[in-house]
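Now for the letters of each chain:
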Amino acid sequence: MEIDCQPEESIVSSFDEDCVQLGDVKDMRLEAEAVVNDVLFAVAEMHVSQSLNSASDVAYINVETREGNRYCLELTEAGLRVVGYAFDQVDEDLSTQYHETVYSLLDTLSPGYREAFGNALLQRLERLKQNGQ
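Residues numbered from 1 in each chain as written. Predicted model: local features only at pLDDT ≥ 70, side-chain atom pairs only at ≥ 80, totals over all residues. Heavy atoms only, no water.

**Q** Hey, could you run me through the pattern of salt bridges in this one?
**A** On inspection of all chains with the given rule, the structure shows 4 salt bridges. When the shortest N-O distance is used, the salt bridge between Asp27 and Arg29 registers 3.2 Å. The exposure class assigned to Asp27 is buried, which follows from its relative accessible area of 5%. Here Arg114 and Asp107 are joined by a salt bridge, their closest N and O atoms 3.6 Å apart. Using a relative accessible area of 40% as the deciding quantity, one classes Arg114 as partly exposed. (Salt bridge = Lys/Arg side-chain N within 4 Å of Asp/Glu carboxyl O. Buried < 20%, exposed > 50% of the residue type's maximum accessible area, 1.4 Å probe, protein only.)

**Q** How should I be thinking about the packing of helix H2 (residues 102–109) against helix H3 (residues 111–132) in this particular structure?
**A** For any two helices packed against each other, one specifies the crossing angle of their axes together with the interaxial distance. Closest axis-to-axis distance for the H2/H3 pair is 5 Å, and the angle between their directions is 125 degrees. For the element pair H2 / H3, the angle class is oblique. Of the residues in H3, those touching H2 at Tyr103, Leu106, Asp107 and Leu109 are Pro111, Tyr113, Arg114 and Phe117. For the contact of H2 with H3, a count of residues per class yields 6 nonpolar, no polar and 2 charged. (Axes fitted to C-alpha atoms, helices over the stretch in contact; angles between N-to-C directions. Helix = DSSP H or I, 4+ residues; strand = E, 2+ residues; numbered from the N terminus. Parallel < 35°, antiparallel > 145°, perpendicular 65-115°, else oblique. Contact = heavy atoms within 4.5 Å. Nonpolar A, V, L, I, M, F, W, Y, C, P; charged D, E, K, R; others polar.)

The following block contains the structure:
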């Protein structure tokens with residue numbers, strides 16, 4: 001039996017220093033940047049690690065909560081989890097649970113995040129109420 005295989009025209013493969021795109025595969029570095037931009041207002045500091053190697057399947061995010069606690073987070077398809085208790089630190093022996101969203105993870109780590117997020121939500125609702133009248 002002979003099978004005729006045609007190269008996939010729909011798969012795009014391009015390389016840029018900061019970005020790798022392979023068809024529908026998510027680039028975790030881009031996802032990490034989006035995570036940071038989404039919740040930066042509710043933490044003291046947050047940025048994608050420049051010293052830990054990120055790839056298309058994993059990225060590391062450093063976060064300092066409003067309480068002053070520092071964490072290194074791992075972002076994969078499985079979600080986010082704490083992998084270290086300092087910036088740019090990965091403790092291979094640390095076994096922490098994955099969270100589907102950054103909101104869930106920060107909600108468990110930081111009462112200050114919870115308060116800031118709640119206040120931002122109230123302000124948005126108040127603006128919507130004012131614009132609706």
